[in-house]
Amino acid sequence: MQIHQSAEDYLETILMLTQRMGRVRSIDVVNELGYTKASVSIAMKKLRENGYIAVDGEGNLTLLEPGREIAERIYSRHRLLTHFFVQLGVDEDVAAEDACKAEHILSEQTLKKIREYALLHDAEDSVQKSE
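It should be emphasised that the depicted structure is a prediction, and the values quoted were computed from it without experimental measurement.

K.L.:
What should I look at first to understand helix H3 (residues 37–49) in this one?
P.N.:
What sets the pattern is the α-helix's 3.6 residues per turn: residues three or four places apart point alike. Here H3 is 13 residues long and its end C-alpha atoms lie 18 Å apart, about the 18 Å a rise of 1.5 Å per residue gives. Buried-residue contacts for H3 involve helix H1 (5–21), helix H2 (26–33), strand E1 (53–55) and strand E2 (61–63). Positive phi shows up at Gly51, right after H3, with a value of about 80°.

Laid out in structure tokens, this is it:
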């Protein structure tokens, strides 16, 4: 099933908030992303209906397996790209913003090469620091 970038962003945000706060409600997503309550409510309904999240009686959001897989994939891309951009000398805040845009569109081949380059660069930095 094709999932839109906005849905990926919502799932990634739920994952990050869950890691940070434990329990996540729609209002937490509103506060994190700065979207309206109505927009987030509609998105959460669609994510629930498509089997990506569950919502309990208290309004807590839980990623279901398909949603968790997507969220973890996108968040992994985000962290890799942020790290790579920082290695290139980009300010960390700008790097994170740019990673958020690029994480959805880059091919697996490109990401693999970025990962290889970043790991090689990390290894070289580690050797230089120990000398």
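K.L.:
I tried to follow the domain arrangement of the chain on my own but got confused; where do I start?
P.N.:
Think of interface size as the accessible area that goes away when the parts come together; that is how it is often given. Partitioning the chain into structural domains gives domain 1 (3–63) and domain 2 (69–127). Just the C-alpha atoms count here: the centres of domain 1 and domain 2 sit 24 Å apart. Contacts between the two partners involve 11 residues from domain 1, matched on the other side by 10 residues from domain 2. The largest per-residue losses of area from domain 1 upon contact with domain 2 belong to Glu8, Glu12 and Leu15, which jointly make up 54% of the total buried on that side. Arg73 is paired through a salt bridge with Glu8; the nearest N and O atoms lie 3.6 Å apart. For the pair domain 1 and domain 2, the interface holds two residue pairs in polar contact (both at pLDDT 80 or more). For the side of domain 1 that touches domain 2, the element with the most residues is H1, which contributes eight residues.

K.L.:
Just to check I follow, could you spell out the layout of surface pockets for this structure?
P.N.:
Estimated volume of the largest pocket: approximately 250 Å³. Lining the largest pocket, in full, are Asp9, Glu12, Thr13, Met16, Glu32, Leu33, Tyr35, His78, Asp93, Ala96, Glu97 and Cys100. Residue assignment for the lining of the largest pocket shows that the elements contributing at least two residues are H1, H2 and helix H5 (92–102). Grouping the constituent residues of the lining of the largest pocket by class yields five nonpolar, two polar and five charged. For the lining of the largest pocket, the two domains that each supply at least three residues are domain 1 (3–63) and domain 2 (69–127).

K.L.:
I'm lost on the pattern of salt bridges in this one. Help?
P.N.:
Between side chains of opposite charge, a pair can form as their charged atoms come close. Within the structure shown, the criterion is met by eight salt bridges. The closest approach of N and O atoms between Glu58 and Arg23, which form a salt bridge, is 3.8 Å. Placement of the pair is Glu58 in the loop between E1 and E2 and Arg23 in the loop between H1 and H2, with a sequence separation of 35 residues. Accessibility classification places Glu58 together with Arg23 in one group, the exposed group. Note that Arg77 is salt-bridged to Glu108, the shortest N-O span being 2.6 Å. Of the two residues, Arg77 is situated in helix H4 (residues 65–87) and Glu108 in helix H6 (residues 108–130); the sequence distance between them amounts to 31 residues. By relative accessible area, Arg77 is classed as buried at 8%.

Reading guide: rules and limits
- Residues numbered from 1 in each chain as written.
- Predicted model: local features only at pLDDT ≥ 70, side-chain atom pairs only at ≥ 80, totals over all residues.
- Heavy atoms only, no water.
- Helix = DSSP H or I, 4+ residues; strand = E, 2+ residues; numbered from the N terminus.
- Expected span 1.5 Å × (residues − 1).
- Contact = heavy atoms within 4.5 Å.
- Domains from an automatic or database assignment.
- Buried area = accessible area lost by both parts, 1.4 Å probe.
- Salt bridge = Lys/Arg side-chain N within 4 Å of Asp/Glu carboxyl O.
- Polar contact = N/O pair within 3.5 Å; in protein donor to acceptor, adjacent residues only side chain to side chain.
- 1 Å grid on protein atoms, 1.4 Å probe; cavity = no way out; pocket = protein on both sides within 12 Å on 5 of 7 lines; lining within 4 Å.
- Points joined across faces, edges and corners; volume = space filled by probe spheres on them.
- Nonpolar A, V, L, I, M, F, W, Y, C, P; charged D, E, K, R; others polar.
- Buried < 20%, exposed > 50% of the residue type's maximum accessible area, 1.4 Å probe, protein only.

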